[in-house]
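Results of the structural survey
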Amino acid sequence: MDGIMRAILSCIPVAPSSATDSCLSADFSSNFPGGGGGGEDRISRLPDALLSNIVSRLPVKDAARTAAISPRWRRLRSSTPLVLEDVDIFHDYVVGHDGLIDWRGLTSTVSRILSGHQGPFHCIHLTTVCNYAAARGGSALVRWLHLFAAKAVEGLVLVNFPRWPLDKTLPAELLRVASLRRLYLGLWDEFPDTDHLPRGAHVFPHLLELGFCRTDIKDKDLDSLLQRSPVLEKLALILNYATPRNVRVRSRSLRCVLFWMSIAEGLDVAVAPRLERLILWNDCPGACFDKNFRTRVKIGNTQALKVLGYLEPSIHVLEIRNTVIEFGTKASPTTTVPSVKILGLRVRFGMHRETKALPTFLRCFPKVETLHVMSAEADEPTGKLNFKFWQDVSPLQCLQSHIKKVVFKNFRGYRSELAFLRFVTERAQLLQKMVIVLADDSKEGVAKKLKPLACSTKRASRDPKFMILVRKGGSAWSFRVASDLSKSDPFDC
């Protein structure tokens with residue numbers, strides 16, 4: 001459970017009142033009259049708009065302290081959009097040396113803060129107190145949801161920790177918080193049923209980002225929610241294990257879908273004309289499923305799709321439009337996605353069948369310019385393909401005419417890895433840069449195995465700036481990196 005909670009906390013958005021902002025509040029208070037700074041009070045001379053902006057970035061306790069400075073500050077605080085994180089006040093309710101928690105006191109304080117501020121709230125993050133607030137009929141949580149709606153909360157994170165042994169269902173009042181622009185839900189057993197909603201009504205007319213973290217939602221309710229969020233740009237399913245069982249994406253506004261550490265029988269991107277990124281990451285802590293389990297990834301109406309990955313032959317069955325991509329499938333307008341420019345593939349080179357699927361996958365994306373390949377270890381290797389296999393591969397359009405950069409991660413020096421890299425070097429005519437990232441557990445001297453690659457006289461690219469970069473490790477790929485739309489390449493780290 002602790003591992004799941006850590007994974008969730010690493011994915012949910014960081015509130016503006018972070019630890020670094022607390023340093024700001026320390027400097028800030030030293031300039032208050034009587035704040036111990038001993039100097040001239042210059043901050044109080046700032047315009048109201050700027051002071052309000054400062055207060056809105058402070059942790060809730062520090063923001064409350066500003067009311068003691070003067071009537072002006074008190075007035076500013078009461079009208080400033082605030083940030084509320086229950087972790088900022090959590091330690092005030094740890095009782096005694098045994099670490100017992102006064103949940104009732106913590107819940108009462110959260111209620112007092114919510115009812116005592118006129119709103120709006122910039123964002124509210126509740127990651128410790130939800131379980132208590134949702135108990136005994138959930139009256140406290142229902143009351144809070146009414147306040148969220150009345151006080152125009154823009155960002156909301158609700159994590160029901162600890163989830164066990166009690167089951168908690170999200171109250172339907174959540175669907176009335178129409179002001180939301182960002183919503184993340186974690187460890188809830190059931191999302192509210194949407195069948196009772198009026199046909200065509202927008203539930204979240206301003207919502208831009210939606211995340212479900214180990215939260216059960218039925219297929220139909222997810223589909224309904226997407227239809228009722230007309231400006232939604234980002235959808236994240238995090239640590240969701242077969243709930244929903246089949247993810248169907250139909251949205252005219254979505255730009256990014258993240259299927260992160262999640263399992264489903266199908267991921268059907270049916271209609272998403274603005275979708276630019278489909279991010280897949282299949283490491284699922286604590287999940288147990290049959291070794292023959294597969295997720296069908298179906299790509300339909302996605303003419304704007306530019307970034308896709310990591311596709312894994314071990315778990316993903318790729319379907320383009322209505323054609324299942326199999327070994328030997330020929331490239332055609334109905335089996336290719338020419339809009340994809342950045343492709344990520346994760347392959348166990350020790351598995352014969354997975355390695356053979358690589359050319360088939362590459363053939364489906366003929367205009368890829370940047371290729372990321374992550375090498376994964378095989379628990380029970382079934383045989384590695386040598387260079388003879390790659391020599392017999394028929395020409396691939398992406399290698400012949402488009403790929404300019406290749407990043408190979410977790411290189412361990414296996415012959416099957418070297419054979420693939422040699423194949424790319426001898427086929428990629430426009431290749432400008434190859435980055436090889438050594439695995440953290442790679443043996444000493446493994447980089448020397450790449451020397452023949454660098455000195456090859458059979459290199460297809462004649463670009464005078466061509467280079468091969470070899471480096472050890474690198475920054476870990478994370479949800480926050482993958483979901484950052486400001487990054488041109490979400491796989492680069």
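What counts, and where the lines are drawn
Residues numbered from 1 in each chain as written. Predicted model: local features only at pLDDT ≥ 70, side-chain atom pairs only at ≥ 80, totals over all residues. Heavy atoms only, no water. Helix = DSSP H or I, 4+ residues; strand = E, 2+ residues; numbered from the N terminus. Buried < 20%, exposed > 50% of the residue type's maximum accessible area, 1.4 Å probe, protein only. Contact = heavy atoms within 4.5 Å. Areas by Shrake-Rupley, 256 points an atom, 1.4 Å probe, with all protein chains shown as cover. Pairing = 2+ DSSP bridges. Polar contact = N/O pair within 3.5 Å; in protein donor to acceptor, adjacent residues only side chain to side chain. Arc of directions from axis to C-beta. Salt bridge = Lys/Arg side-chain N within 4 Å of Asp/Glu carboxyl O. Phe/Tyr/Trp six-rings, centres within 6.5 Å; stacked < 30°, edge-to-face > 60°. Lys NZ or Arg CZ within 6 Å of the ring centre and 35° of its normal. Axes fitted to C-alpha atoms, helices over the stretch in contact; angles between N-to-C directions. Parallel < 35°, antiparallel > 145°, perpendicular 65-115°, else oblique. Left-handed = near helix turned anticlockwise from the far one by under 90°. Nonpolar A, V, L, I, M, F, W, Y, C, P; charged D, E, K, R; others polar. Right-handed = clockwise from strand over helix to strand, strands pointing away. Core = buried A, V, L, I, M, F, W, Y, C linked by side-chain atoms within 4.5 Å.

Focus: the overall build of the protein chain
- Tallying secondary structure elements over the protein chain gives 16 helices and 21 strands in all.
- By the burial criterion, 53% of the 493 residues in the protein chain qualify as buried.
- Pairs at least 24 apart in sequence give 72% of the contacts found in the protein chain among residues at least 6 apart.
- Of the roughly 22100 Å² that the protein chain leaves accessible, carbon and sulfur atoms contribute 52%.

Quick word on the sheet that holds strand β16 (residues 323-324)
- Here 5 strands make up an open sheet; going across it, the order is β9-β11-β13-β15-β16 and the pairing mixed. Strand pairing shows two members of the sheet lacking a second neighbour, β9 (246-250) and β16, which therefore form its edges.
- Looking at chain direction, strand β13 (residues 295-301) and strand β15 (residues 316-320) are connected through 5 bridges and run parallel. In the strand pairing of β15, isoleucine 299 is matched with isoleucine 320.

Brief notes about the side chain of serine 375
- Inspection of the secondary structure assignment puts serine 375 in strand β18 (residues 370-375).
- A relative accessible area of 2% places serine 375 in the buried class.
- A distance of 2.6 Å separates polar atoms of two side chains, one belonging to serine 375 and the other to glutamate 417.
- Residues in contact with serine 375, not counting those within four places in the same chain, are Val347, Phe349, Phe408, Lys409, Asn410, Arg412 and Glu417.

Structural notes on helix α1 (residues 2-9)
- Taken as a whole, α1 has its buried residues at Ile4, Met5, Ala7 and Ile8. Here the buried residues of α1 occupy an arc of 160° about the axis, which is enough to place them on one side. Seen from the open side of α1, the exposed residues pointing more than 90 degrees away from its buried face are Asp2 and Arg6.
- Close packing links the buried residues of α1 with β5 (155-159) and β7 (209-213).

Let's talk about the pattern of salt bridges
- Counting across every chain of the model gives 19 salt bridges.
- The partner of arginine 245 in a salt bridge is glutamate 265, and the shortest N-O contact between them spans 3.0 Å. In this pair, arginine 245 sits in the loop between β8 (234-238) and β9 while glutamate 265 sits in the loop between β10 (256-260) and β11 (266-271), placing the two residues 20 residues apart along the sequence.
- For arginine 245, a relative accessible area of 44% translates into the label partly exposed.
- Across the salt bridge formed by arginine 248 and aspartate 268, the nearest N and O atoms sit 3.0 Å from each other.

Looking at the packing of aromatic side chains
- Applying the stated criterion to the full structure yields 18 aromatic pairs.
- With a centroid separation of 6.5 Å and an interplanar angle of 40°, the aromatic rings of phenylalanine 420 and phenylalanine 423 are classed as tilted. Of this pair, phenylalanine 420 and phenylalanine 423 both sit in helix α14 (residues 415-427), 3 residues apart, roughly one helical turn. For the pair shown, phenylalanine 420 and phenylalanine 423 are each scored as buried.
- Put simply, the rings of Phe349, Phe389, Trp390, Phe408, Phe411, Phe420 and Phe423 pair up and form one aromatic cluster.
- Positioned above the aromatic ring of phenylalanine 327 is the side chain of lysine 356, whose terminal nitrogen or guanidinium carbon lies 4.4 Å from the ring centre.
- Sitting over the face of the ring of phenylalanine 387, arginine 422 holds its NZ or CZ atom 3.8 Å from the ring centroid.

Let's talk about the environment of phenylalanine 420
- Using a relative accessible area of 1% as the deciding quantity, one classes phenylalanine 420 as buried.
- Counting along the chain gives 31 residues from phenylalanine 420 to phenylalanine 389, while the straight-line C-alpha distance between them is 9.6 Å.
- If we skip the residues at most four places from it in the chain, phenylalanine 420 touches Phe349, Leu358, Leu371, Val373, Trp390 and Phe408.

Concerning the packing of helix α7 (residues 103-116) against helix α9 (residues 139-150)
- Running from N to C, α7 and α9 cross one another at 20°; their axes reach a closest spacing of 10 Å. Relative to α9, α7 is oriented roughly parallel. As for the relative orientation of α7 and α9, their crossing is left-handed in sense. Taking contact as the criterion, the partners of Thr107, Val110, Ser111, Leu114 and Ser115 in α7 are, on α9, Ala140, Arg143, Trp144, Leu147 and Phe148.
- Along the lines of polarity and charge, the residues of the contact of α7 with α9 split into 6 nonpolar, 3 polar and 1 charged.

Considering the pairing of β7
- By the criterion of burial, β7 is predominantly enclosed, with 5 of the 5 residues buried.
- Neither face of β7 is open: one carries Glu209, Gly211 and Cys213, the other Leu210 and Phe212, and all of them are buried.
- Sheet topology places strand β6 (residues 182-186) next to β7; 5 bridges connect them, and they run parallel. Within β7, the position partnered with leucine 183 by the bridge is leucine 210.
- In the sheet, β7 pairs with β8 via 5 bridges, with the strands oriented parallel. Its bridge partner lying in β8, phenylalanine 212 is registered against leucine 237.
- Read as a crossover between parallel neighbours, the route from β7 over helix α10 (residues 219-227) to β8 is right-handed.

Quick look at the nonpolar core
- If you look at the biggest cluster of nonpolar residues, it comprises 109 residues, and the most contacted ones within it are Phe148, Leu158, Phe212, Leu343, Phe365, Leu371 and Phe420.
- Tallying contributions element by element places α14 first for this core, with 6 residues.
- Excluding anything up to four places from it in sequence, phenylalanine 212 contacts Leu185, Phe191, Ile217, Leu222, Leu225, Leu235, Ala236, Leu237, Ile238 and Asn240.
- Formed by 31 residues, the second largest nonpolar core is a distinct cluster that contains Ile12, Trp281, Trp477 and Phe479.

Details of the environment of arginine 199
- Examined against the element boundaries, arginine 199 turns out to sit in the loop between β6 and β7.
- Its relative accessible area of 85% is what places arginine 199 among the exposed residues.

Let's talk about unusual backbone geometry
- Cis geometry marks the peptide bond from threonine 243 to proline 244; its omega dihedral reads 5°.
- Take proline 244: it is sitting in the loop between β8 and β9.
- Here the amide bond leading from glycine 309 into tyrosine 310 is cis, since omega sits at 5°, within 30 degrees of zero.
- Its location among the elements puts tyrosine 310 in strand β14 (residues 307-311).
- For arginine 214, which is not a glycine, the phi torsion comes out positive at approximately 45°.
- Located in the positive-phi region is methionine 261, a residue other than glycine, with phi close to 50°.
- Topologically, methionine 261 is positioned in the loop between β10 and β11.

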